[in-house]
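# Fold and geometry: a report
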Amino acid sequence: MKFTICPAKPEDCKDIERMIMELAVYEKMPDQVKISHKELERDGFGPNPFYQCVVAEVPEEHMSKDGHTKVGYALFFYTYSTWKGRTVFMEDLYVMPEYRGKGIGKALMATVAKVAKEQHCVRLQFSVLDWNKPSLDFYLAKGAEDLTAKEGWHFLRFHGIALDNLAQEAP
Amino acid sequence: MDKFILRKAEPKDVSDILRLIKELAKFEEMEEQVVLTEKELLEDGFGDHPFYHCVVAEVPKDKQSLEGYTVVGFAMYYFTYDPWIGKLLYLEDFYVMKEFRGYGMGSEILKMLSETAVKTRCSGMHFIVAEWNTTSIEFYKRRGASDLSHEEGWRLYEIDKCNLLKMSSK
């Protein structure tokens, strides 16, 4: 099946929003999605973008059951390691179930890897849920290492009331 | 020690920042993994496209460290994006030299960062901690942090440069 991978445009945000929700449903956390295409447009396409995104598109004759031609995306941004320097963090990678097994996921990830290389990034990082075996197998086949297992890293966060409380104590 | 200031890092601080990065890496038992240089820190933090922001804790000259340093703590952060909740402040490194701990510097740095996060419309402040680092984990949990690896099962994965090059050339 023919497909193209292109940088996302502001008008793609409605499709990206749809696919973000599909991925959140798969990750069993749809109630945690709080933003819409409006925030995605503001935050990805303003003078100071907070993320970058590439979208996979199929020709109209291969559109999905619901009439979509945008069938996958990868959302990523730059981070910084005080040990190694520039890093790309791939926040989301998703291909609609009916379009899997055709090399789209691989092509999306290769595009992110190409951007990383062009920006002199030394590595690509991302997070995966411990039960998500299909994704773990996909990434391990590409040489990914589980740093939580290898080095013991855990993700922590301050959010909501905890963040507000911390900020209110600021001098 | 009641006198210390927190300020935005300047280009002249890169030497101190690298020194503190190496001290923290040594504590995390991974000192040999620090390959970053002062030149890269300067270009990446103070060039046309900053990859990070940094605050430093400084003491007056009369309170300098045993080896004569006045920059005694730092925090490095940048902004990331969560497609579910939007902008986040990501805390990459956070360290106060051992001889200057217990005076509230760490707490003040964390408060300053959380204020920055709220002011810049971030939905949260994220970071990673090694699971054996119970002192730090307790420091954060006392202040309301939650462990997403434990609560939701998120694991950190990495693809190194060699495998990245393989992927990008296919």
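To start, this report covers the structure provided alongside it. Residue positions within a chain follow its written sequence, with the count starting from 1. Each chain is given a letter, starting from A, and each ligand a number, starting from 1, according to the order in which they appear as written. Per-residue local features are limited, in this predicted model, to residues with pLDDT of at least 70; the limit for side-chain atom pairs, both in listing and counting, is 80 or more; totals at the level of whole chains, interfaces and linings are taken over all residues. Processing note: side-chain calculations cover all non-hydrogen atoms of the structure and skip hydrogens and water entirely.

### Topic: the sheet that holds strand β7 (residues 153-159) of chain A
Strand order in the open sheet formed by seven strands is β1(B)-β2(B)-β3(B)-β4(B)-β5(B)-β7(A)-β6(B), and the pairing between neighbours is mixed. Looking at which strands have only one partner, the edges of the open sheet turn out to be β1 (5-8) and β6 (146-147) of chain B. This element, helix α1 (residues 14-27) of chain B, spans β2 (53-58), β3 (71-82) and β4 (86-96) of chain B of the sheet and lies at about 85 degrees to β3 of chain B. Two strands pair if DSSP finds at least two bridges between them. Strands here mean DSSP runs of E at least two residues long; helices mean DSSP runs of H or I at least four residues long; both are numbered from the N terminus. The contact criterion used throughout is that any non-hydrogen atoms of two residues lie within 4.5 Å. Structural elements are reduced to axes, namely lines fitted to C-alpha atoms, with helices fitted over the stretch in contact, and the angle between N-to-C directions of any two is expressed from 0 to 180 degrees.

### Remarks on the environment of Gln33 of chain B
Of note, Gln33 of chain B is situated in the loop between α1 and α2 (38-46). Once residues within four sequence positions are removed from consideration, Gln33 of chain B is found in contact with Trp83, Lys84 and Glu151 of chain A.

### Some points on the interface of chain A and chain B
Taken together, the contact between chain A and chain B spans 73 residues of the former and 71 residues of the latter. Summed over the three residues of chain A that lose the most area to chain B, namely Tyr80, Trp83 and Leu156 of chain A, the buried surface amounts to 13% of that side. Note on definitions: salt bridges are taken to be side-chain nitrogens of Lys or Arg within 4 Å of carboxyl oxygens of Asp or Glu. Across the contact surface, chain A and chain B share four salt bridges. The partner of Asp44 of chain B in a salt bridge is Arg86 of chain A, and the shortest N-O contact between them spans 2.9 Å. Two N or O atoms count as a polar contact when they lie within 3.5 Å, although within protein this holds only if one can serve as hydrogen donor and the other as acceptor, and sequence-adjacent residues are included solely when both atoms are side-chain atoms. Along the contact surface separating chain A from chain B lie 32 residue pairs in polar contact (both at pLDDT 80 or more). Side-chain classes are defined by residue name, with Ala, Val, Leu, Ile, Met, Phe, Trp, Tyr, Cys and Pro counting as nonpolar, Asp, Glu, Lys and Arg as charged, and the others, Gly among them, as polar. Taken together, the residues that form the side of chain A that touches chain B break down as 39 nonpolar, 13 polar and 21 charged. Buried area: the accessible area, evaluated with a 1.4 Å probe, that two parts lose upon being put together, summed over both parts.

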